[in-house]
Amino acid sequence: MTGEEMLARLLAQADAQGGDLITLRAIVEEASELGAARVLERIGLSDPSAPDDIDELRELLSAWRDAKASAWKAAVEWLVRGVLALLLVGIAVRLGVGDMLS
């Protein structure tokens, strides 16, 4: 019996006998499972290789985050080096090192 058939039977049972707590919970559970299956099918994750695809996407996302963090770290390091180099040049000019070399 498919999930849709089960849901239809549960709804018919609830209509005929009234909605007791067990029937309502079963309806909610079946409807949730059907909805989740539809969503997975629509986004292309209903095949058996879907868990592997998700694992691969997580690895790619982790690698992207690592690369982005490394790029920011490198950019900050180069910025600090540039500021320090300008500071040293400023000190050298202030002390007149250029005049001493000529």
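Structure's up top.
Analysis parameters
- Note on numbering: residues in each chain are counted from 1, in written sequence order.
- Since the coordinates come from a predicted model, pLDDT governs what is reported: local features require at least 70, and pairs of side-chain atoms require 80 or more to be given and counted, while whole-chain, interface and lining totals use all residues.
- Side-chain figures throughout are based on the complete set of non-hydrogen atoms in the structure, without hydrogens or water.
- Going along the chain from the N terminus, every DSSP run of H or I of four or more residues is numbered as a helix, and every run of E of two or more is numbered as a strand.
- Using a 1.4 Å probe on the protein chains alone, a residue whose accessible area is under 20% of its type maximum counts as buried, one over 50% counts as exposed, and one in between counts as partly exposed.
- Only the protein chains shown count as cover for residues, and the accessible areas themselves come from Shrake-Rupley with a 1.4 Å probe.
- Positive charges come from Lys and Arg, negative ones from Asp and Glu, while His and the chain ends are left out of the count.
- The location of each charge is read from NZ of Lys, CZ of Arg, CG of Asp or CD of Glu.
- Each patch is built from residues lacking any salt bridge and having more than 30% relative accessible area; the joining distance is 9 Å for like charges and 5 Å for nonpolar side chains (Val, Leu, Ile, Met, Phe, Trp, Tyr).
- By definition here, a salt bridge exists when the distance from a side-chain nitrogen of Lys or Arg to a carboxyl oxygen of Asp or Glu is within 4 Å.
- Take the buried residues of types Ala, Val, Leu, Ile, Met, Phe, Trp, Tyr and Cys, join any two whose side-chain atoms come within 4.5 Å, and each joined set is a nonpolar core.

Chemist: Please explain the overall build of the protein chain as it appears in this structure.
Modeler: A tally of regular secondary structure across the protein chain gives 4 helices and 0 strands. Going residue by residue from the N terminus, the α and β elements of the protein chain occur as α-α-α-α. Counting only C-alpha atoms, the protein chain reaches 105 × 30 × 15 Å along its principal axes. Each of the 102 residues in the protein chain was classed as buried or not, and the buried ones make up 9%. When the accessible area of the protein chain is evaluated, it comes to approximately 8700 Å², of which 64% is carbon and sulfur surface. Treating the 10 positive side-chain charges of the protein chain as one cloud and the 17 negative ones as another, the clouds have centres 12 Å apart.

Chemist: Please clarify how a negative patch on the surface should be interpreted in this entry.
Modeler: The grouping of D47, D52, D53, D55, E56 and E59 at the surface amounts to a negative patch. As for its placement among the helices and strands, E56 is situated in helix α3 (residues 50-95).

Chemist: Could you clarify how one ought to interpret the nonpolar core in this entry?
Modeler: Note that soluble globular proteins tend to have their nonpolar side chains buried in a common cluster. Among the nonpolar cores identified, the biggest contains 5 residues, and these are L7, L10, A14, I27 and L34. In terms of residues, this core owes the most to one element, helix α1 (residues 3-17), which gives 3 residues.

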